[in-house]
2 protein chains.
Amino acid sequence: VTAPRFPTRLPQLAPSPFTFGSFRGVRAAGVAAGIKASGRPDIALLAFDRPSSVAAVFTRNAFAAAPVIVSRSHVRATGGLARAIVVNSGNANACTGEDGLRDARSMCEQVASGLGCSAEEVLVASTGVIGHKLPIDRVRKGIERALSELAPGDAAGRRFLDAIQTTDAFAKEASAAEEIEGRTVRAAGFCKGAGMIHPDMATLLAFVGVELPLSPTQLAGAVGSIAAQSFNSVHVDTHPSTNDTLFLFAGGDGEAPASAAWAGPATRVARRLAWLIARDGEGATKVTTITVRGATSHDAARKIATLVASSALVRTALFGNDPNWGRFVSQVGNSPELRHPERVTCRLQGETVFREGEPVAFDRGALSSKMATEDVSLELDLSDGSGEATVMTSDLGYRYVEVNAEYTT
Amino acid sequence: VTAPRFPTRLPQLAPSPFTFGSFRGVRAAGVAAGIKASGRPDIALLAFDRPSSVAAVFTRNAFAAAPVIVSRSHVRATGGLARAIVVNSGNANACTGEDGLRDARSMCEQVASGLGCSAEEVLVASTGVIGHKLPIDRVRKGIERALSELAPGDAAGRRFLDAIQTTDAFAKEASAAEEIEGRTVRAAGFCKGAGMIHPDMATLLAFVGVELPLSPTQLAGAVGSIAAQSFNSVHVDTHPSTNDTLFLFAGGDGEAPASAAWAGPATRVARRLAWLIARDGEGATKVTTITVRGATSHDAARKIATLVASSALVRTALFGNDPNWGRFVSQVGNSPELRHPERVTCRLQGETVFREGEPVAFDRGALSSKMATEDVSLELDLSDGSGEATVMTSDLGYRYVEVNAEYTT
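Residue numbers restart at each chain and count upward from 1, following the sequence in its written direction. As a convention, the first chain written is A and the first ligand written is 1, with the rest following in written order. Under the rules for a predicted model, residues below a pLDDT of 70 receive no local features and side-chain atom pairs below 80 are neither given nor counted, while totals for whole chains, interfaces and linings still include all residues. Side-chain metrics rest on all non-hydrogen atoms present in the structure, leaving aside hydrogens and water.

Undergrad: How do you make sense of the interface of chain A and chain B when you look at a structure like this?
TA: Reports of interface size often rely on the accessible area that becomes lost once the parts have come together. In this description, contact between two residues means that some pair of their heavy atoms is separated by no more than 4.5 Å. The interface of chain A with chain B comprises 57 residues on the first partner and 57 residues on the second. Overall, the association of chain A and chain B removes approximately 4400 Å² of surface from exposure, summing both partners, and the carbon and sulfur fraction of that is 62%. Should a side-chain nitrogen of Lys or Arg be within 4 Å of a carboxyl oxygen of Asp or Glu, the pair is scored as a salt bridge. For the interface between chain A and chain B, the tally reads 0 salt bridges. Here a polar contact is taken to be a pair of N or O atoms separated by no more than 3.5 Å, where protein atoms must pair a possible hydrogen donor with a possible acceptor and residues adjacent in sequence count only if both atoms sit in side chains. Linking chain A with chain B are 6 residue pairs in polar contact (both at pLDDT 80 or more), by the criterion used here. The numbering of helices and of strands both runs from the N terminus, where a helix is a DSSP run of H or I of at least 4 residues and a strand a run of E of at least 2. Looking at the side of chain A that touches chain B, the elements with two or more residues in it are helix H8 (312–319), helix H9 (325–333), strand S14 (358–359) and helix H11 (398–405) of chain A. As a working definition, buried area equals the accessible area (1.4 Å probe) given up by two parts on being put together, with both sides summed.

Undergrad: Looking at this structure, I do not really get the pattern of salt bridges. What am I missing?
TA: Pairing of side chains with opposite charge becomes possible as their charged atoms draw close. This structure, assessed with the given rule, holds 42 salt bridges over all chains. The partner of Glu379(A) in a salt bridge is Arg293(A), and the shortest N-O contact between them spans 3.0 Å. Placement of the pair is Glu379(A) in strand S15 (residues 375–381) and Arg293(A) in strand S11 (residues 287–295), with a sequence separation of 86 residues. Exposure is judged per residue with a 1.4 Å probe applied to protein chains only, and the accessible area is read against the type maximum: over 50% gives exposed, under 20% gives buried, and values in between give partly exposed. Using a relative accessible area of 15% as the deciding quantity, one classes Glu379(A) as buried. We note a salt bridge from Arg268(B) to Glu178(B), for which the minimum N-O separation is 2.8 Å. Within this pair, whereas Arg268(B) is found in helix H6 (residues 263–279), its partner Glu178(B) is found in strand S5 (residues 172–180), the two being separated by 90 residues in sequence. The class for Glu178(B) is partly exposed, based on a relative accessible area of 27%. Where salt bridges share partners, they join Asp99(A), Arg102(A), Asp103(A) and Lys133(A) into one cluster.

Undergrad: Would you explain the relation of the copies chain A and chain B in this entry?
TA: Note that the two copies of the chain are related through a rotation about an axis and a translation along the same axis. Only residues with pLDDT of at least 70 in both copies contribute their C-alpha atoms to the least-squares superposition of the copies. When chain A is fitted to chain B, the residual RMSD is 0.1 Å, and the transformation amounts to a turn of 180 degrees plus an axial shift of 0.0 Å. Here the copies are linked by what is in effect a two-fold axis. When C-alpha positions in chain A are compared against the rotation axis, the closest is assigned to Tyr398(A), at 2.8 Å. Residue by residue, 100% of the interface of chain A is reproduced at the interface of chain B, so both copies engage with the same surface.

Undergrad: Whenever I open this one, the side chain of Thr345(B) confuses me. Can you help?
TA: Secondary-structure assignment places Thr345(B) in strand S12 (residues 345–348). What makes Thr345(B) buried here is its relative accessible area of 11%.

Undergrad: Would you mind going over the sheet that holds S11(A) with me for this structure?
TA: Remark on secondary structure: sheet strands pair via backbone hydrogen bonds, oriented parallel or antiparallel. Residues and elements named next belong to chain A. When DSSP finds at least two bridges between two strands, those strands are taken to pair. Taken together, the 7 strands give an open sheet; going across it, the order is S9-S16-S11-S15-S12-S13-S14, and neighbouring strands pair in mixed fashion. Edge positions in the open sheet fall to strand S9 (234–235) and S14, since each of these has one partner strand only. Sheet topology note: the strand S12 (residues 345–348)/strand S13 (residues 351–355) ladder contains 3 bridges and is antiparallel. Bridge pairing in S13 links Leu348 to Glu351. For helices, the fitted line uses only the C-alpha atoms of the stretch in contact; every axis is such a line through C-alpha atoms, and the angle between N-to-C directions lies from 0 to 180 degrees. On the sheet, helix H10 (residues 364–371) packs against S12, S13 and S15 and is oriented at approximately 120 degrees with respect to S13.

Undergrad: What is the right way to look at the environment of Leu161(B) in this model?
TA: Residue and element names in this part refer to chain B. Looking at the secondary structure, you find Leu161 in helix H4 (residues 154–163). Measuring from C-alpha to C-alpha, the distance between Leu161 and Thr19 comes to 9.9 Å, with 142 residues separating the pair along the chain. Apart from the residues lying within four places of it in its own chain, the contact partners of Leu161 are Ala171, Lys172, Glu173, Phe190 and Cys191.

Undergrad: Would you explain the packing of helix H2 (residues 97–115) of chain A against helix H3 (residues 136–149) of chain A in this entry?
TA: Packed helix pairs are characterised by how far apart their axes lie and by the angle those axes make with each other. Residues and elements named next belong to chain A. For the pair H2 and H3, interaxial distance at closest approach is 10 Å and the crossing angle is 25 degrees. Overall, the two elements H2 and H3 adopt an arrangement that is roughly parallel. Considering the relative orientation of H2 and H3, their crossing is right-handed. Contact residues: Asp103, Ser106, Met107, Gln110, Val111, Gly114 and Leu115 in H2; Ile136, Val139, Arg140, Ile143, Glu144 and Leu147 in H3. Class assignment of the residues belonging to the contact of H2 with H3 gives a composition of 7 nonpolar, 3 polar and 3 charged. The cut-offs work like this: below 35 degrees is roughly parallel, past 145 is roughly antiparallel, 65 to 115 is roughly perpendicular, and the gaps in between are oblique. Put simply, a crossing is left-handed when the front helix is turned counterclockwise from the back one by less than a right angle, and right-handed when it is turned clockwise. Throughout this entry, Asp, Glu, Lys and Arg are counted as charged residues, while Ala, Val, Leu, Ile, Met, Phe, Trp, Tyr, Cys and Pro are counted as nonpolar. The remaining residues, Gly among them, count as polar.

Undergrad: Would you take a moment to explain helix H7 (residues 298–309) of chain A for this structure?
TA: Three- or four-residue spacings in an α-helix give side chains the same orientation, since the helix completes a turn every 3.6 residues. Residues and elements named next belong to chain A. Compared with the 16 Å implied by 1.5 Å per residue over 12 residues, the 16 Å span of H7 between its first and last C-alpha is a close match. Along H7, the residues classified as buried are Ala300, Ala301, Ile304, Ala305, Val308 and Ala309. The arc that holds the buried residues of H7, viewed along the axis, is 165 degrees, so those residues lie on one side. The elements touched by buried residues of H7 are S9, S11, H8, H9, S15 and strand S16 (387–394). Here a helix's expected span is defined as the number of its residues, less one, multiplied by 1.5 Å. This arc describes the spread of directions from the helix axis toward the C-beta atoms.

Undergrad: Any chance you could explain unusual backbone geometry here in plain terms?
TA: For residues that are not glycine, phi is negative in most cases, and the peptide bond is trans in most cases. All names here are of chain B. Of note in the backbone geometry, Glu181 takes a positive phi value of approximately 50 degrees without being a glycine. When you line up the elements, Glu181 lands in the loop between S5 and strand S6 (183–192). Judged by its relative accessible area of 45%, Glu181 is partly exposed. Despite not being glycine, Glu356 has its phi angle at roughly 50 degrees, a positive value. Structurally, Glu356 is set in the loop between strand S13 (351–355) and strand S14 (358–359).

Right, dumping it as structure tokens:
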């Protein structure tokens, strides 16, 4: 590995005030088992003292990895109750056939035996290189150590976070606390992922906990909407991986809340994690939030926002701080959802650059300077209904090409 | 403008043996009218001595430029007969409202008055910066000169070609000749375009002539299929422009052919021009032909090929000569059209790297060397039907980012 030609500009991040490692009944561990050649931590374990409610969203890729297949069946079998989640990084256990399934199951069995529960109460996730068999002996030794090192607290939580990383340029954590029905509800999460890098397919793995005794039904009812507003609204590239997984779990004492307000802090945590994913989009220098308003429906707004977010021309203009409304507006014009081009208005960083189908004079240099920031806002108003949707996208610069084209084995 | 950091590697191109400038009854011109700041030629004119059959395919972008709107109505009004095509480069006349329409119409009227025909017999196309009014006085003087310089022959044809360029790294021409029904049928074409570059929206403009007295109906019946097999199978980026136009015209004496075999050489010309478009894909170093076979239908095959071609991860791997089948295959897995992942086979440069859902051992270094060429073949066999489709894509490298992010006004 040579030094990068285009170094990543990292965001300035303050650590979260807490992690789910501090939730009552939660213990975590992260150890180095030698799966990664670098010697960095690569086995992460999360354990719940009592069966905890869990809901999940898995990749829809037809080449779903073995851990996805196993976890999906375990969530179904238990109705959404788990005692542990075991994760390895450095190897995706994807495209590995029957052997891969056997290895993923054996990871669950080993954790179950250590914790005294059933294998179906253990969920599993993997991330890293695809098409290679797991070095199962190393994995077993790592799990053994992780079991013995399980501990409560934020330090243990962050050891878990360390051990799920692959090509991430920075660690991704988020937390939120909110007064709901007279008590403080806390939510916290970790995630990893930054698109896919050879030879790793840097899967998105996300873990979001809510410190409340929620039922599996409550979680299952909310997880789709939480994912839609966060990870499923991120476009680093148009290429979901074989291993993408979001686990949403509940951990906490007392009474379950009456309302669904608990989903608020959980959604904020997930959205922040999604922003961090876009920010770490393989050389990204900024995150652009694309909001489409006034579409005929939410679905139409979402399709248009996604079309704009997925354009390499749009993403290179954002990298270049180029207030090039022609690229943004003409991509809207490529959507069959657009019915009235003469009504389209485009705003960039709050400034109107195109109004009702016609260009507006503006100071190009000043607006370009306003785009030279981590957070860019692009708004497209169609004046054709009340449908609205938001999508986050990373920009596309030299570093994206470098990490995706040059770092081959 | 500073020197590029990543110079374009140009293909080695032999000039075509002939252009449509040599077709009987065809005259061409290209002049510099000062629309481009560079002083390069920017008014191109093609004239037919007698009304000539023309068929066209226009952009489906909702923000269709004024010349597209005018030409579409002229083709409709005449039933596909034209005496001339006038083109300006350096200004797209797009997003220019009523003034833009008036200017496009006045270009046709001026040519009509010069040639002694109706304005509806003149077609018009523009390419260049969008959202700026045409400098109509310069355009008028340019057209006046072009009318006076109309001449037969290949040299005049290539002056036309010169004047339609914007950000093209090289001129694009193609020709084909074939024995059909006992005579030699010639087809020839020019095109320009290389994605969209700020501040220019480098539209695709293509002009393909067949040296036969074909009827408007014959041309109209073939133009869709010719476009589908050529320009509509190219993915430089996923961003069609406001001005994209293909004109297919007939110029020649004698009898019209009985069969549709004439579409053969025309299609070969269009495919070669499309290859050149992909090759000039803003810093592209190669063209990859993605063939999907064994899909449930042609449409399904086309959707999958397009999904693979539009992935930035796939395109950076191609730039890096990286035989990274994980990226190719997992993108197939993202298509709802894929029903049997376990049947998928992937071949790169003819070498099988993934067979029936499982990785195959291969020499990564040797295959990477075989990818370091202008023409790469990626084949995906789904073994699930007889649907087949082919798409051409450019790779995505540093130069793409440079031209799209750095060259701002």
